[in-house]
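# Architecture at a glance
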Amino acid sequence: MTGSGGALPLAGLGVAAASWPAAAEAGRLLALLGATVTAGDDPHVALRHGDRLVSAEPGDAATDWEHSGLAAVSGRPTGSPATVARAAALAFELLSALTGPPVRVDGPAILAHRLAFLPGRRAGTTSLGGAARLLRAADGWWALNLARPSDQELLPALVEAQVSGDPWAAVERWSAAAKVADVIDRAVLLGLPAARVAETTTPGSPWDIALRPARPRGIRPIRVVNLGALWAAPLAAHLLSLAGAEVVDVEDGHRPDAARTGMPSFYQALHAGSTLCRLDFRSADGREELRRRLADADVVIEASRPRALVELGGPAEVIQRDDRPRVWVRITGHGPAQPHRVAFGDDAAAAGGLVAWDGSRPAFVGDAVADPLTGLLAAVATTALLRAGVSAVVDLSLSGSAAWATQL
């Protein structure tokens, strides 16, 4: 849903969209941002605005899924993440062409970007990365992600018993006798990334945008400050860099991005063209430099829990008081209603219902698929807002992006 506070960013923009699934979905994304979308007359032109064309080969959802490269490791998913990814890429190409050279990216292939760095086995109830499991409770299925070393240490508190040997066996025994609601309540209380399968209601829009007044922006390259790690936020920043933005990845020197050491080649590809700035967030000088960079940014992308920036004195509500046009993108696990709940791409995808089914057993779809979906959708909304020259806060959640993909 797009919030009030001004005209929608694409108001007055006329777009013709072809009728095949990804093109039609691209048109729907643009319509949610305010564009007037009509039916196109050439199936080989996915999107058209005046003389600006996005040419593409028509295809159905099954073709998009096969092209993504995830079919061999996932089976057929509940929704159509590859079609949503292709749609977001088409919409991004058109929006980028409105202000500069068009940027063409392969949306479905982005979903599988990390597969080259992971074992090539089929995803089942264990995620491709190995850190997450789909587990049976007494009345349903849920996902638990032990992505951080500290998560393992919390398992005795989760299952209320000593854990020895295989930790997953202990969780499975405990889970089998408990109700899903109780399991999730306890896991969330402990700060563990956990979610019931399909707990997230499909949203009316993949983002929530709150617009606010802003004075005109001067002419200069778009400056992006990315505070997020891992995949979703860096992907959004990388796409903006392909469209000509200057990207700085600001990192707390005490909490480096785990992807840099865990998947160095993936990290390098995702951050190509950006500049790394390490700051000491524990020091007054480091916090002041952070606030200075945020104040100077045209786009801020954050993917931490809200209290982190509040403690550093740099939340959107403070920085945006200057009324300059700035797009502030907030990526959370489960949305503004649950801002402190932790999530990663695999458990968030399960929360959104983006799973495959082997009979009565769910299976993970691809690798942390909620992350790239969110990054692509964030880039679309941000590019539209930059074109409008407005100030806005954009909220997206990993689980909401996954749920959005299940409706196609």
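So, a few notes on the structure that sits alongside this text.

Cut-offs applied
- Sequence positions are assigned chain by chain, starting from 1 and proceeding in written order.
- A pLDDT threshold of at least 70 governs which residues receive local features in this predicted model, and a stricter bar of 80 or more applies before side-chain atom pairs are shown or counted, although totals over entire chains, interfaces and linings include all residues.
- Side-chain figures throughout are based on the complete set of non-hydrogen atoms in the structure, without hydrogens or water.
- Helix numbers and strand numbers start at the N terminus; a helix is a DSSP run of H or I with at least 4 residues, a strand a run of E with at least 2.
- When accessible area is computed with a 1.4 Å probe and restricted to protein chains, residues below 20% of their type maximum are described as buried, those above 50% as exposed, and intermediate ones as partly exposed.
- Only the protein chains shown count as covering a residue, and every accessible area follows the Shrake-Rupley method with a 1.4 Å probe.
- By the counting rule applied here, Lys and Arg register as positive and Asp and Glu as negative, while His and the ends of each chain are not counted.
- In this description, the location of a charge corresponds to atom NZ of lysine, CZ of arginine, CG of aspartate or CD of glutamate.
- Under the pairing criterion, centres of Phe, Tyr and Trp rings, with the six-membered ring standing for Trp, must be within 6.5 Å; the plane angle then separates stacked pairs below 30 degrees from edge-to-face pairs above 60, leaving the rest tilted.
- By definition here, charges over rings are those cases where NZ of Lys or CZ of Arg is within 6 Å of the ring centre and within 35 degrees of the ring normal.
- Working definition of a nonpolar core: buried Ala, Val, Leu, Ile, Met, Phe, Trp, Tyr and Cys residues. They are joined through side-chain atoms within 4.5 Å.
- The span you would expect from a helix comes to 1.5 Å times its residue count less one.
- For two strands to be treated as a pair, DSSP must find no fewer than two bridges joining them.
- Think of a polar contact as two N or O atoms within 3.5 Å of one another; within protein, one of them needs to be a possible hydrogen donor and the other a possible acceptor, and neighboring residues in sequence only count if both atoms come from side chains.
- Contact criterion: two residues are considered in contact whenever any of their non-hydrogen atoms come within 4.5 Å of each other.
- All axes are obtained by fitting lines to C-alpha atoms, using only the stretch in contact for helices, and the reported angles, taken between N-to-C directions, cover 0 to 180 degrees.
- By the definition adopted for this analysis, an angle is roughly parallel if under 35 degrees, roughly antiparallel if over 145, roughly perpendicular if from 65 to 115, and oblique otherwise.
- Salt-bridge detection follows one rule: a side-chain nitrogen of Lys or Arg within 4 Å of a carboxyl oxygen of Asp or Glu.
- What the arc describes is the spread of directions from the helix axis to the C-beta atoms.

### As for the overall build of the protein chain
Of the regular secondary structure elements, the protein chain holds 18 helices and 16 strands. Dimensions of the protein chain, computed from the C-alpha atoms along their principal axes, are close to 65 × 55 × 40 Å. Looking at the protein chain as a whole, 54% of its 408 residues qualify as buried. In the structure as shown, the protein chain presents an accessible area of about 16300 Å², 53% of it carried by carbon and sulfur atoms. If you average the places of the 38 positive and of the 42 negative side-chain charges in the protein chain, the two averages end up 3 Å apart.

### Describing the packing of aromatic side chains
A full pass over the atoms with the stated rule returns 3 aromatic pairs. Between the aromatic rings of F117 and F266, the centroid separation amounts to 6.0 Å while the plane-to-plane angle is 65 degrees, which identifies the pairing as edge-to-face. Here F266 lies in helix α12 (residues 264–270) and F117 lies in the loop between α5 (107–111) and β5 (132–137), a separation of 149 residues in the sequence. Between W142 and W174 the ring centres are 6.4 Å apart and the planes differ by 80 degrees, which places this aromatic pair in the edge-to-face class. With W142 in strand β6 (residues 140–145) and W174 in helix α8 (residues 167–176), the pair connects residues that are 32 residues apart, well separated along the chain. Taken together, F117, W231 and F266 form an aromatic cluster joined through their ring pairs. Just above the ring of F266 sits the side chain of R114; from NZ or CZ to the centre is 5.8 Å.

### A word on the nonpolar core
In terms of nonpolar packing, the biggest core is built from 100 residues, with L30, L47, L90, W207, I209, I301 and V394 touching the most fellow members. Within the second largest apolar cluster, 18 residues are counted, among which are W142, L146, I184 and A187.

### Here's the deal with helix α1 (residues 21–32)
Compared with the 16 Å implied by 1.5 Å per residue over 12 residues, the 16 Å span of α1 between its first and last C-alpha is a close match. Of the positions making up α1, those classed as buried are A22, A23, E25, A26, G27, L29 and L30. Directly beyond the C-terminal end of α1, a positive phi value near 110 degrees is found at G34.

### Quick word on the pairing of strand β10 (residues 246–252)
Of all 7 residues in β10, 6 are buried; the element is thus mostly enclosed. By the bridge criterion, 4 bridges tie strand β9 (residues 223–226) to β10 in an arrangement that is parallel. When the bridges of β10 are listed, V224 appears paired with V247.

### Some words on the side chain of N145
You can see N145 is positioned in strand β6. Taking the relative accessible area as the measure of exposure, N145 reaches 4% and is therefore buried. In this structure the side chain of N145 is engaged in a polar contact, spanning 3.4 Å, whose partner is the backbone nitrogen of A147. Not counting the four nearest positions on each side in its chain, N145 is found in contact with A131, A132, D151, P193, F344, D346 and D347.

### A closer look at the packing of helix α2 (residues 61–68) against helix α4 (residues 81–97)
Look at α2 against α4: their axes get within 7 Å of each other, and the N-to-C directions meet at 90 degrees. What the angle tells us is that α2 and α4 run roughly perpendicular. Between α2, through A61, D64, W65 and S68, and α4, the contact on the second element is made entirely by P81, A82, T83 and R86.

### Considering the side chain of S397
When you line up the elements, S397 lands in strand β16 (residues 391–397). Assessed through its relative accessible area of 12%, S397 is described here as buried. A distance of 2.8 Å separates the side chain of S397 from the backbone nitrogen of G400, its partner in a polar contact. When near neighbours in sequence (up to four residues on either side) are disregarded, S397 contacts T332, G333, H334, G335 and T374.

### Comments concerning the sheet that holds β6
By way of backbone hydrogen bonds, the strands of a sheet pair with one another, either parallel or antiparallel. The antiparallel open sheet is built from 3 strands, whose spatial order is β5-β6-β7. Since the sheet does not close on itself, it has two edges, and those belong to β5 and β7 (194–196), each with one partner. Mean inter-strand twist for the sheet, computed between neighbouring axes without regard to direction, equals 25 degrees. When β6 meets β7, the two strands line up antiparallel, connected through 3 bridges. The residue bridging L144 from the neighbouring strand is A194, located in β7.

### Overview of the pattern of salt bridges
Evaluation of the coordinates by the stated rule reveals 14 salt bridges. The shortest N-O distance in the salt bridge between E288 and R291 comes to 3.2 Å. Taken together, the positions of E288 and R291, both in helix α13 (residues 284–296) and 3 residues apart, correspond to about one turn of that helix.

### So, the sheet that holds β10
Taken together, the 7 strands give an open sheet; going across it, the order is β8-β16-β13-β12-β9-β10-β11, and neighbouring strands pair in mixed fashion. Single-partner strands in this sheet number two, and they are β8 (208–212) and β11 (275–279). Between one strand axis and the next, the sheet turns through 15 degrees on average, direction left out of account. Along the sheet, helix α18 (residues 398–405) makes contact with β13 (327–332) and β16, crossing β16 at roughly 70 degrees.

### Structural notes on the environment of L144
If you trace the backbone, L144 turns up in strand β6. For the pair L144 and A348, spaced 204 residues apart in sequence, the C-alpha to C-alpha distance is 9.8 Å.

### Structural notes on helix α9 (residues 180–189)
Where α9 is concerned, the buried positions are V180, V183, I184 and A187. Buried residues of α9, viewed axially, fall in a sector of 95 degrees; they line one side. Facing away from the buried side of α9, by more than 90 degrees, are the exposed residues D185 and L189. Those residues of α9 that are buried are in contact with β5, β6, α7 (155–159), α8 and β7. Once α9 ends, the next one or two residues include G191, with phi positive near 80 degrees.

Note that all results are geometric; they support no functional claim without further evidence.
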